[in-house]
Amino acid sequence: MAIIHLLDDDVAVTQACAFLLESLGYEVRCWHQGETFLGEVNLHQVGVVLLDMRMPGLDGQGVHDEMRRRDSTLAVVFLTGHGDVPMAVAQMKRGAVDFLQKPVSAGPLQAALEHALQVSITACTRHDIVACYQQLTPKERQLAGLVAQGLMNREIADAMNIAVRTVEVHRARVMEKMQAGSLAELVNRLQQVL
């Protein structure tokens, strides 16, 4: 199950928000410092960070910037009492899924979290595909690119100046490393990284 990470220095706010989210069926983990959150959480999982903007130490923008630097798959929704339109626009341009003002009612909060979870699922899928692609050798990457272009084994053999049997062996390795069960699935996965 995806986790909603609440990151806010106000303990009363995180407790109240956690109670609300748990009553809606979410698994919640509370954090009170950006540095602790970044040091302990798995940034490459499906989940959402409900992030306050103003905190002592590393503020919400700093946490968001560090998550982006580390290519986190967690989606970010800002929930702050200290926001304005330019701040919201700036964070949305940087990849935040939503920017909500405190206090927020359950409806808009749940809608933002559901949208953010879908964004995180997509990011996690892409992250996994990129990890698979990075396992390919340069020759396998070249072959994968030709497969993605729709070339047949004979055409790939001619383009790479190798035997058709060698193409078949490399293609099987590419399918395995890319965790693709069919040619269509392989092409779909390659299109997300090429």
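As shown above, the structure is provided for reference.
Reference entry: report on the structure contained in this document. What you see is a predicted model, and the numbers here were worked out from it, not measured in a lab. (Residues numbered from 1 in each chain as written. Predicted model: local features only at pLDDT ≥ 70, side-chain atom pairs only at ≥ 80, totals over all residues. Heavy atoms only, no water.)

### Observations regarding helix H8 (residues 164-177)
Here is step 1 of the chain: With 14 residues, H8 extends 20 Å from end C-alpha to end C-alpha; this agrees with the ideal 20 Å at 1.5 Å per step.
Here is step 2 of the chain: Taken together, the buried positions of H8 are occupied by Val167, His170, Arg171, Val174 and Met175. Mapping the buried residues of H8 onto a view down its axis gives an arc of 140°, with all of them on the same face. Structural note: H8 exposes Arg165 and Glu176 on the side pointing more than 90 degrees away from its buried face.
Here is step 3 of the chain: Trailing H8 by a residue or two, Gln179 shows a phi angle of about 55°, which is positive. (Helix = DSSP H or I, 4+ residues; strand = E, 2+ residues; numbered from the N terminus. Expected span 1.5 Å × (residues − 1). Buried < 20%, exposed > 50% of the residue type's maximum accessible area, 1.4 Å probe, protein only. Arc of directions from axis to C-beta.)

### Quick look at the environment of Thr80
Here is step 1 of the chain: Mapped onto the elements of the fold, Thr80 is located in strand E4 (residues 75-80).
Here is step 2 of the chain: Sequence separation of Thr80 and Gln101 is 21 residues, and the distance between their C-alpha atoms is 5.2 Å.
Here is step 3 of the chain: In this structure, Thr80 is in contact with Asp52, Met53, Arg54, Phe99, Leu100, Gln101 and Lys102, ignoring residues within four places of it in sequence.
Here is step 4 of the chain: Among the polar contacts made by the side chain of Thr80, one reaches the side chain of Asp52 at a distance of 3.2 Å. (Contact = heavy atoms within 4.5 Å. Polar contact = N/O pair within 3.5 Å; in protein donor to acceptor, adjacent residues only side chain to side chain.)

### Regarding the pattern of salt bridges
Pairs may arise between side chains of opposite charge once their charged atoms sit close together.
Here is step 1 of the chain: For the structure on display, the rule yields 10 salt bridges.
Here is step 2 of the chain: Bridged by salt links that share partners, the residues Asp8, Asp52 and Lys102 form one connected network. (Salt bridge = Lys/Arg side-chain N within 4 Å of Asp/Glu carboxyl O.)

### As for the packing of aromatic side chains
Here is step 1 of the chain: Following the criterion strictly, the structure yields 2 aromatic pairs and no others.
Here is step 2 of the chain: With a centroid separation of 5.4 Å and 80° between ring planes, the pair formed by Trp31 and Phe37 is classed as edge-to-face. In terms of burial, Trp31 and Phe37 fall into one category: buried.
Here is step 3 of the chain: Ring plane angle 35° and centroid distance 5.6 Å describe the contact between Phe78 and Phe99, whose orientation is recorded as tilted. Of this pair, Phe78 sits in strand E4 while Phe99 sits in strand E5 (residues 98-101), and the two are 21 residues apart along the sequence.
Here is step 4 of the chain: The buried category is assigned to Phe78, whose relative accessible area is 0%. (Phe/Tyr/Trp six-rings, centres within 6.5 Å; stacked < 30°, edge-to-face > 60°.)

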